[in-house]
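Analysis of the macromolecular model
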Amino acid sequence: MTAITDLSSADLADRLARARDAHGGFKARGLKLDMTRGKPAPEQLDLASGLLTLPGNGDHTTATGEDARNYGGLQGLPEVRALFARPLLGAPPEQIAVAENSSLALMHDCIVWALLKGVPGSQRPWSREEAVAFLCPVPGYDRHFALCEEFGIRMLPVPMTPDGPDMDAVEALAADPSVKGMWCVPKYSNPSGEIYSEATVRRLSAMRTGAPDFRLFWDNAYAVHHLTPARHAIPDVLEACAAAGHPDRAFVFASTSKITLAGAGLAFFGGSPANLAWYLARAGKRTIGPDKLNQLRHLRFLRDGEGLTTHMDRQRALLAPKFSAVTEALDRHLAGTGAAAWSRPEGGYFIGVAARAGTAARIVRLAGEAGIGLTPAGATFPHGRDPDDSSLRLAPSYPSLPEVALAAEGIALSILLAALEAEQAARDAAR
Ligand code: PMP
């Protein structure tokens, strides 16, 4: 297709009229489709319905003969840690802890504890520093940014590249002692699906930081969430940090929210021996022990690494066609127009769209009018402000495949219409 900027005035007017017609047709259908959040679909949750009857009547004894119904077991059952430590956290089982159902809650707690007490290597609690800042690769995960906002942590955006965050920018900013942390979703990043390269992981592990207690908040939310047969691997960050002489640099997080049940999975913390001891000392004040029946339930259901892989293959079979439906519609309507670029993620839960600058908010409005709920424009930037008004996040997991295919048409049309309108407006203004 011809680039929109190369269209003659007559062709632009004609394309605009046709795009308005098509969008009007969509509005008239009175659809109600939700592409706002990365929620698993009911069929995905059904894959784990076996969990609901486990561990089963009478089955409450752990591998070491303890009663999983009782208090205790702060670090989590060793057999459960052995199952999840390597694939989800890239850590030995001794270096992880199993918590409750939400890794976001763990990130929240680690930030609060860092602010109130400091972390290993801190000279004082972070809240007693003059200023605390986090590096925020953008576009990124809105709930990470919301945590910073909640606790008054300044956010310093860093652009993403196909290999992960722009490391020259990261290294320059990390030299500032007020920079205490950095958000990282290293594999199948939210929202654009980037996989951090080996060089990126090494540089993050080895870089000089101004703060002696700097932490990578390594959110490995999508470690085994592949959308293609290529099961991408990245270097284990704890090993990389230790090898670079900064063994305490990373806090690692993961969960089974998007493996088993989004509201009733298991969450994990991983770190160096010093970080794990720090975590357990805090966690031990907060709880007498986690839900070990849920741990046993997960162990009985998934059994071993092979069971986990098979389960994720079933997830992929449900998810991959939805992602293909979206990229196929974007390709068909938008290729060559210059209206947007979009990611083709090989894992994770989102497709990132970089629309023509100045059109993202308009696209969300147009899609809304057509009955398609999109994540608000700007949500993937600190404070919800995308300086280019360009970035969109598409979440195709929840609606059914036919609904996703339909929504993708409406989204592509909205992107095209917004770009045509913007081009017309730019030409009118230049006259
Ligand atoms: N991190 C990332 C990058 C996510 O995308 C999500 C869920 N959308 C979470 C964390 C939330 O994880 P949990 O369910 O374990 O709290």
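Residues numbered from 1 in each chain as written. Predicted model: local features only at pLDDT ≥ 70, side-chain atom pairs only at ≥ 80, totals over all residues. Heavy atoms only, no water.

1. Digging into the overall build of the chain
The cut-off we apply is this: Each helix corresponds to a stretch of at least 4 residues labelled H or I by DSSP, and each strand to a stretch of at least 2 residues labelled E; elements are numbered beginning at the N terminus. Each residue's exposure class comes from its accessible area (1.4 Å probe, protein chains only) as a fraction of the maximum for that residue type: buried when under 20%, exposed when over 50%, partly exposed otherwise. Every residue pair with non-hydrogen atoms within 4.5 Å of one another is taken to be in contact. Accessible areas in this description were obtained via Shrake-Rupley with a 1.4 Å probe; residue shielding takes into account the shown protein chains only.
Within the chain, the secondary structure is distributed over 13 helices and 13 strands. Reported as C-alpha extents along the three principal axes, the dimensions of the chain are approximately 75 × 55 × 35 Å. Split into buried and exposed, the 431 residues of the chain put 55% on the buried side. Restricting to contacts in the chain with at least 6 residues of sequence separation, those with at least 24 account for 77%. Summed over all atoms, the accessible surface of the chain reaches about 17,400 Å², with 52% contributed by carbon and sulfur.

2. Re the nonpolar core
Condition: To form a nonpolar core, buried Ala, Val, Leu, Ile, Met, Phe, Trp, Tyr and Cys residues must be joined to one another through side-chain atoms within 4.5 Å.
Residues Leu330, Val353, Ile372, Leu374 and Ile415 are the most contacted members of the largest nonpolar core, which totals 52 residues. The biggest single contributor to this core is helix H13 (residues 401-430), with twelve residues. If sequence neighbours within four positions are ignored, Ile415 has contacts with Leu330, Leu334, Ala339, Ala340, Val353 and Ile363. Counting 48 residues, the second-largest nonpolar core is a separate cluster that includes Val158, Ala223, Ile234 and Cys241.

3. A short note on the pattern of salt bridges
Here the idea is simple: oppositely charged side chains can pair when their charged atoms come close. The following threshold applies: In what follows, salt bridge is the name for a side-chain nitrogen of Lys or Arg lying within 4 Å of a carboxyl oxygen of Asp or Glu.
Applying the stated criterion across every chain yields a total of 25 salt bridges. Residue Asp14 is joined to Arg18 by a salt bridge in which the shortest nitrogen-to-oxygen separation is 3.3 Å. Remark: Arg18 and Asp14 occur in helix H1 (residues 9-28); sequence separation between them is four residues, near one turn of the helix. For Asp213, the salt bridge goes to Lys180, with nearest N and O atoms at 2.7 Å. Pair noted here: Asp213 is in the loop between helix H7 (198-206) and strand E7 (215-219) and Lys180 is in strand E6 (residues 179-184), with a separation of 33 residues, a long-range link. Several salt bridges converge on common partners, so that one network encompasses Arg124, Glu129, Lys180 and Asp213.

4. Here we look at the site of the ligand
Filter applied, for reference: Summary of the distance rule: residues count as near a molecule or strand when at least one heavy atom falls within 4 Å of that molecule or strand. Any pair of nitrogen or oxygen atoms within 3.5 Å is treated as a polar contact; in protein, a donor-acceptor pairing is required on top of that, and neighbouring residues in sequence qualify only through side-chain atoms on both sides. The residue classification treats Ala, Val, Leu, Ile, Met, Phe, Trp, Tyr, Cys and Pro as nonpolar and Asp, Glu, Lys and Arg as charged. All others, Gly included, are polar.
As a structural note, the neighbourhood of the ligand is formed by Ser102, Ser103, Leu104, Tyr141, Val185, Asn190, Asp219, Ala221, Tyr222, Ser255, Ser257 and Lys258. For the ligand, an oxygen atom lies 3.0 Å from a polar atom in the side chain of Asn190. Here the ligand loses 87% of its free accessible area of 400 Å² to cover by the protein chains. When grouped by side-chain class, the residues that make up the shell around the ligand number five nonpolar, five polar and two charged.

5. Observations regarding the packing of aromatic side chains
Inclusion rule: For Phe, Tyr and Trp, where Trp contributes only its six-membered ring, two rings pair if their centres lie within 6.5 Å, and the inter-plane angle classes them as stacked under 30 degrees, edge-to-face over 60, or tilted in between.
Taken as a whole and assessed by the stated rule, the structure comprises 15 aromatic pairs. Here the aromatic rings of Phe134 and Trp183 are separated by 5.6 Å at their centres, their planes lie at 50°, and the arrangement is tilted. Of this pair, Phe134 sits in strand E3 (residues 133-138) while Trp183 sits in strand E6, placing them 49 residues apart in sequence. Here the two residues Phe134 and Trp183 agree in accessibility, since each one is buried. Measuring from ring centre to ring centre gives 5.9 Å for Phe253 and Phe269, while their planes differ by 75°; the resulting arrangement is edge-to-face. Of the two residues, Phe253 sits in strand E8 (residues 250-255) while Phe269 sits in strand E9 (residues 267-270), which places them 16 residues apart along the sequence.

6. Regarding the sheet that holds strand E13 (residues 391-394)
Let me state the cut-off plainly: What makes two strands pair is DSSP finding at least two bridges between them. Axis definition: a line fitted to C-alpha atoms, over the contacting stretch in the case of helices. Angles run 0 to 180 degrees between N-to-C directions.
In space, the three strands of this open sheet follow the order E10-E11-E13, with antiparallel pairing throughout. Single-partner strands in this sheet number two, and they are strand E10 (340-342) and E13. The sheet shows a mean angle of 25° between the axes of neighbouring strands, taken without regard to direction.

7. Topic: the side chain of Ser397
Relative to the elements of secondary structure, Ser397 occurs in the loop between E13 and H13. Classification of Ser397 as buried rests on a relative accessible area of 0%. From its side chain, Ser397 meets the backbone oxygen of Lys39 in a polar contact 2.6 Å long.

8. Overview of the confidence of the model for the chain
For clarity, the threshold we go by: As a per-residue measure, pLDDT reflects the predictor's confidence and takes values from 0 up to 100.
A residue-level look at the chain finds 100% of positions with pLDDT of 70 or above and a mean pLDDT of 97. For this predicted complex, the interface score ipTM comes out at 0.99, while the overall pTM is 0.97.

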